[in-house]
Amino acid sequence: MFTKILIANRGEIACRVIATAKKMGIATVAVYSDADKEARHVKLADEAVHIGAAPSRESYLQADRIIAACKQTGAQAVHPGYGFLSENEAFAKRVEEEGIVFIGPKHHSIAAMGDKIASKKLANEAQVSTIPGWNDAIESAERAVEIARDIGYPVMIKASAGGGGKGLRVAYNDKEALEGFTSCRNEARNSFGDDRIFIEKFVQEPRHIEIQVLGDSQGNVIYLNERECSIQRRHQKVIEEAPSPFISDATRKAMGEQAVALAKAVNYQSAGTVEFVVGKDQDFYFLEMNTRLQVEHPVTECITGLDLVELMIRVAAGEPLPLTQADVRRDGWAIECRINAEDPFRNFLPSTGRLVRFQPPEESMFQADTTKKLGVRVDTGVYEGGEIPMYYDSMIAKLIVHGQDREDAIHKMRAALNGFVIRGVGSNIPFQAALLAHPRFVAGDFNTGFIAENYSQGFASQDVPHDDPLFLVALAAYMNRRYRARASGISGQLAGHNVKVGEQFVVVVMGQEGRNEHHAVSVTDFQGSSGSSAVSVGGKSYQIGSAATLGQIRVQGQCNGAGFTAQVERGTPRSPLALRISHNGTQIDAIVLSPLGARLHQLMPYKAPPDLSKFLLSPMPGLLVDVAVQPGQAVQAGEKLAVIEAMKMENILFATQDGIVGKVVAGKGESLAVDQVILEFQ
């Protein structure tokens, strides 16, 4: 077994590998860029080597520097994590040639699966189901109909040079195939100057389901069940779960056996994932193989009780697999939510900066400890006070829960999301809460188009309706009364002017443009019950109790006998007097007043926010790569104004209306803060 390994990665996956290495008694070496000097993975490792500037192409993608770091520290093996160089066959080969062990598959396996055409050919030879199709150019509409019949309807008719939706038709019968071929060919000729057409099977209501495989150097390969990864946004996974709520035991077995056959065909030695697209009738077809550890590996670890990182290390050291296919368990249900630094209410724009508060929910399962079953696990590479840099991906953490069944796992995840406190950067937690509450998700009735279909206009606060909105009002009144009770006990108050707690309040829920809701609320303490009150609002009664200390954001307690977790903060951007209450993805800002105070508050004029329509503001922190306009230039709605780079993505800012540029305030190459002015219009 190795005595020292180097992790050629950063963030949560580097921390994850370090956790298992420590459990195994293996020393670890971290590598870091300028931006990651104070990163969590650097602090956790036994040694750390600086490998370059902040951009990944100047640090984490520099194979020579990583190999030099191995030699400098005496690391015998390299774990590449995922992303960066993890599926780079040249890197794997170089590492092997330098006498260092690559903790992953052999370079020839990476090469075989990295080429889409070659991997499909290999899959066919290994008798793995691939999407039926005719990949040669089809000469006539009549021939297209014959081919479509052979494949079986529905089919997808695609232009070889197609793109942007042009040159693509779905046909469900002979007539549609005949007409679709002709129109596709005409479209392709006019748009691309290339009229070659091919046909493949159209998978209806497709799901993205992947099989985890594991192979050793003795030729043993097993599969560790499947993961359901259909909840995706723009081809990026958002929620993953194991097992899948969709496939049968027979389909699971057939997919697993085909995945093993493919892995054996390329002499696969390590953890890997075979991805399939699965149709509504459970017909499944090979997509690709990921020759590395997947982001979503923890859900497999939960239901099997196996540490995949440990198994990768042991296999790389030449040990045989410690279990057979018959030993693979499937206990309970696991769900993972990717917690990303992005603002779901602003079209998921990246959000970088300092984590002013970072308080994950309390963990009851831990990385690298597969003895603890059922509970909450957080895999992260950040800490409170640390930075989310703009140079890498947007992941803050992975939140994983393991329940007895799917219903229990969803319940645990919703509670865990409620208790996840992140401040200083935006996060997608409200969006995750909305997905978990969606009736179709709860029923397991979804496919890869789920987010596009249900949130086609983007995501807004009204997409997370609360099942009991008056609970939020009651909680605001309850917490306010606790604040007043504490204030009333402060010594040295002026006689006759001391703070009175009171029982009758009005909760003013702040709406848009001054349209507020007023709720009359009574709050009565239970005799002999510390911290418990009866709250009446809108004809409903809530008995709320909590031991939360005043001032902490996360509030846990009981309401009418059931447990709850919510977030409560005093002072909001809209009012220093307001309480911000967040629960199950819904958020309200509320001011709790006495009945007289509420009447006077209604007389206050509404102060409209300033008109910012004459300014182009940066919607995110990032680097201003380009300003595409000059002072005095007339621009039309939809015209490109500027480009900002953040989180490895370029974001183009367009004009929302016609106008004339008055002044360019920010310069190319400048680092921008959120809402910083880039240019002004006349």
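This text goes with the structure placed above it.
Now for a description of the structure that goes with this document. These numbers were taken from a predicted model, which means no experiment stands behind them.

Looking only at helices and strands, the chain has 17 helices and 39 strands in total. Taken over C-alpha atoms, the radius of gyration comes to 29 Å for the chain, in line with the 26 Å a tight globule of 682 residues would show. Summarising its shape, the C-alpha atoms of the chain cover approximately 90 × 65 × 50 Å along the three principal directions. Long-range pairs, those at least 24 residues apart, make up 63% of the contacts in the chain between residues at least 6 apart in sequence.

Inspection of the entire model under this criterion finds 1 cavity of 30 Å³ or more. Its volume calculated, the largest cavity comes out at about 100 Å³. Surrounding the largest cavity, 15 residues form its lining, Glu301, Cys302, Asp369, Thr370 and Arg377 being those nearest its centre. Looking at the lining of the largest cavity element by element, the count peaks at 3 residues for helix H10 (residues 297–304). Among the residues forming the lining of the largest cavity, the class breakdown is 6 nonpolar, 3 polar and 6 charged.

Relative to the assigned elements, arginine 207 resides in strand E10 (residues 207–215). Overall, arginine 207 belongs to the buried group, its relative accessible area being 4%. What arginine 207 contacts, discounting residues up to four positions off in sequence, is Glu228, Ser230, Pro245, Phe246, Phe276, Val277, Val278, Gly444, Asp445, Phe446, Asn447 and Thr448.

Take the sheet that holds strand E30 (residues 575–583) next. Read around the barrel, 8 strands follow the order E24-E25-E26-E27-E28-E29-E30-E31 and close on themselves; strand pairing throughout is antiparallel. Looking at each pair of strands side by side, their axes are set apart by 35° on average, direction ignored. By the bridge criterion, 4 bridges tie strand E24 (residues 504–509) to strand E31 (residues 586–593) in an arrangement that is antiparallel. Across the sheet, valine 506 pairs through a bridge with leucine 593, a residue of E31. The sheet contacts of helix H12 (residues 406–418) involve strand E29 (562–572) and E30, and relative to E29 the element is tilted by about 20°. Contacts between helix H17 (residues 595–602) and the sheet are confined to E24, strand E25 (517–525) and E31, with E31 contributing the most and set at about 110° to the helix.

Where strand E26 (residues 532–537) and strand E27 (residues 540–546) come together, 6 bridges link them in antiparallel fashion. Residue pairing in the sheet places valine 535 in a bridge with tyrosine 542 of E27. Hairpin remark: E26 followed by E27, antiparallel, with 2 residues in the connecting loop; positive phi at glycine 538, about 55°. Summarising the sheet, E27 and strand E28 (residues 554–559) pair through 3 bridges and their orientation is antiparallel. What sits directly across from glycine 545, in E28, is glutamine 558.

So, about helix H4 (residues 89–97). Side chains three or four residues apart in an α-helix point the same way, a direct result of the helix having 3.6 residues per turn. Taken together, the buried positions of H4 are occupied by Phe91, Ala92 and Val95. In a view along the axis of H4, the buried residues occupy a sector of 100°, so they form one face of it. The inward-facing, buried residues of H4 contact helix H3 (63–73), strand E4 (77–79), strand E5 (101–102) and helix H5 (107–114). One side-chain oxygen at the N-terminal end of H4 lies 3.0 Å from the backbone nitrogen of alanine 90; it belongs to asparagine 88. Glycine 99 sits one or two residues past H4 and shows a positive phi near 80°.

What counts and what doesn't
Residues numbered from 1 in each chain as written. Predicted model: local features only at pLDDT ≥ 70, side-chain atom pairs only at ≥ 80, totals over all residues. Heavy atoms only, no water. Helix = DSSP H or I, 4+ residues; strand = E, 2+ residues; numbered from the N terminus. Rg over C-alpha atoms; globule rule 2.2 N^0.38 Å. Contact = heavy atoms within 4.5 Å. 1 Å grid on protein atoms, 1.4 Å probe; cavity = no way out; pocket = protein on both sides within 12 Å on 5 of 7 lines; lining within 4 Å. Points joined across faces, edges and corners; volume = space filled by probe spheres on them. Nonpolar A, V, L, I, M, F, W, Y, C, P; charged D, E, K, R; others polar. Buried < 20%, exposed > 50% of the residue type's maximum accessible area, 1.4 Å probe, protein only. Pairing = 2+ DSSP bridges. Axes fitted to C-alpha atoms, helices over the stretch in contact; angles between N-to-C directions. Arc of directions from axis to C-beta. Polar contact = N/O pair within 3.5 Å; in protein donor to acceptor, adjacent residues only side chain to side chain.

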